[in-house]
Amino acid sequence: MYVCICNAIRETELRRVARLTNGDAEAAYAKLGKRPNCGSCLNEADAILFEEREMGLQPAPA
C-alpha cells in the first residue's frame, strides 16, 4: 500500500527504514532520499514508524 502518493513511498519501505533510523516521518523520508510534499501522509507515516519500532522492542514468543 502506498502511504505517500506524492513520493510513491510504500508501507513496506517505511517499515524497513523504521529499523534503520530514529525520528519522525520526515527523517524517514530523508533516509529514503525524499521529502514531504503535500504533508497529508505524515500522521499515517508516523503511526507506521511507531508501530514498527514498538514491534521490534517486544521479545519474540518462546
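Here the structure is a predicted model, which is why all the values come from computation and not from measurement. (Residues numbered from 1 in each chain as written. Predicted model: local features only at pLDDT ≥ 70, side-chain atom pairs only at ≥ 80, totals over all residues. Heavy atoms only, no water.)

(A) Broad picture of the environment of G39. Position of G39 relative to the elements: it lies in the loop between α2 (25-31) and α3 (42-57). Taking the C-alpha atoms as reference, G39 lies 22 Å from R53; in sequence the two are 14 residues apart. (Helix = DSSP H or I, 4+ residues; strand = E, 2+ residues; numbered from the N terminus.)

(B) Layout of the pattern of salt bridges. Per the counting criterion, the structure on display carries 4 salt bridges. As a salt-bridge pair, E11 and R15 come within 2.8 Å of each other at their nearest N and O atoms. Of this pair, E11 and R15 both sit in helix α1 (residues 11-18), 4 residues apart, which is roughly one turn of that helix. By relative accessible area, E11 is classed as partly exposed at 21%. Assessed through its relative accessible area of 16%, R15 is described here as buried. (Salt bridge = Lys/Arg side-chain N within 4 Å of Asp/Glu carboxyl O. Buried < 20%, exposed > 50% of the residue type's maximum accessible area, 1.4 Å probe, protein only.)

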